[in-house]
Amino acid sequence: MLTMLSAGCAGLLAGCGIAANLSGWLHVAGLLLLLLSAIPTTLGIIMLLYGLLGKLRTRDFMVSSISWRGDERVLDVGTGLGLLLIAAAKRLGKGGNAVGIDIWRKEDLSNNSLDQLAANIELEGVENRISIRTEDARSLSFPAASFDVVFSLFCIHNIEEDEGQKRACQEIARVLKPGGRLLVGDYLPTHAYASAFQECGLTVLYSRSFFLTALGPMWIVSAEKPYI
Ligand SMILES: C[S@@+](CC[C@H](N)C(=O)[O-])C[C@H]1O[C@@H](n2cnc3c(N)ncnc32)[C@H](O)[C@@H]1O
């Protein structure tokens, strides 16, 4: 985000200076630089807005979509630094438990590490309701029908192959209990995830854009596992 913003702003300033002060092909080059620099600047602003506001709004929307009893078992797939995991744990009472899994890839999230997540959990005082495991979303170790609620935010697109993304969706569907609910958010349209959930027998409630909630590109799919 910082690289995009600084490169974009530097390009805008340079483009303005060149276009305003020079003539001929240099004037045209300045205008071109202005136009091109608008791309990283816009992307940087979108990322900044998501980081400052959209992320918390998305988290609050996803967590408040559940009618909490307090005794749920919750899974956050690709929990990273615990954005949804910690918020979900705060909704839990006696008997409730939230599990976060991740492979903590540094290229997907700055400062991404199990130690940093553990520090965040302690800081928020929810360590008695949370457990964390290093696991790949494509091969979860949990038995079928283990969780009442499964969340995942901005994780599945990081799996490069379509087949791997589908496998992650199948795993999420497998570990969800009958009567359980899932919400999966990503910055790309979630229709392929919705199809994978449907193929697993889940009822898809919606798969649509939440641009205004996230103040940037965001699609969320929500589904329920019917009782057999
Ligand atoms: C952009 S971060 C999002 C973290 C968190 N959900 C949030 O919204 O703040 C994506 C996370 O997905 C994790 N991830 C990527 N591929 C994964 C996989 N195959 N299995 C589990 N986690 C994965 C990354 O390590 C990273 O923590």
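Look up a bit, the structure's there.
Quick notes on the rules
Residues numbered from 1 in each chain as written. Predicted model: local features only at pLDDT ≥ 70, side-chain atom pairs only at ≥ 80, totals over all residues. Heavy atoms only, no water. Helix = DSSP H or I, 4+ residues; strand = E, 2+ residues; numbered from the N terminus. Polar contact = N/O pair within 3.5 Å; in protein donor to acceptor, adjacent residues only side chain to side chain. Contact = heavy atoms within 4.5 Å. Pairing = 2+ DSSP bridges. Axes fitted to C-alpha atoms, helices over the stretch in contact; angles between N-to-C directions. Parallel < 35°, antiparallel > 145°, perpendicular 65-115°, else oblique. Left-handed = near helix turned anticlockwise from the far one by under 90°. Nonpolar A, V, L, I, M, F, W, Y, C, P; charged D, E, K, R; others polar.

(A) Focus on the side chain of D186. Within the secondary structure, D186 sits in strand β5 (residues 176-186). Within the structure, D186 has its side chain in polar contact with the side chain of H157 (distance 2.6 Å). If sequence neighbours within four positions are ignored, D186 has contacts with F154, C155, I156, H157, Y193, M218 and W219.

(B) Summary view of the sheet that holds strand β6 (residues 203-209). Reading across from one edge, β3-β2-β1-β4-β5-β7-β6 is the order of the seven strands in this open sheet, with mixed pairing throughout. Because the sheet does not close on itself, it has two edges, and the strands there are β3 (130-134) and β6. Direction aside, the axes of adjacent strands within the sheet are offset by 15° on average. Set on the sheet, helix α2 (residues 25-64) makes contact with β4 (147-153), β5, β6 and β7 (219-224); between it and β4 the angle comes to about 160°.

(C) Region of interest: the packing of helix α5 (residues 162-175) against helix α6 (residues 191-199). At a minimum axis distance of 9 Å, the contact between α5 and α6 shows a crossing angle of 45°. Our classification of the angle between α5 and α6 gives oblique. Every pair of crossing elements has a handedness; the one defined by α5 and α6 is right-handed. Contacts from Q165, K166, C169, I172 and A173 in α5 reach Y193, A196, F197 and E199 in α6. Here the residues of the contact of α5 with α6 sort into six nonpolar, one polar and two charged.

(D) Just the packing of helix α1 (residues 2-21) against α2, in detail. Contact geometry for α1 and α2: axes closest at 7 Å, N-to-C directions at 155°. For the element pair α1 / α2, the angle class is roughly antiparallel. Once α1 is placed against α2, the crossing between them reads as left-handed. Grouping the constituent residues of the contact of α1 with α2 by class yields 18 nonpolar, eight polar and no charged.

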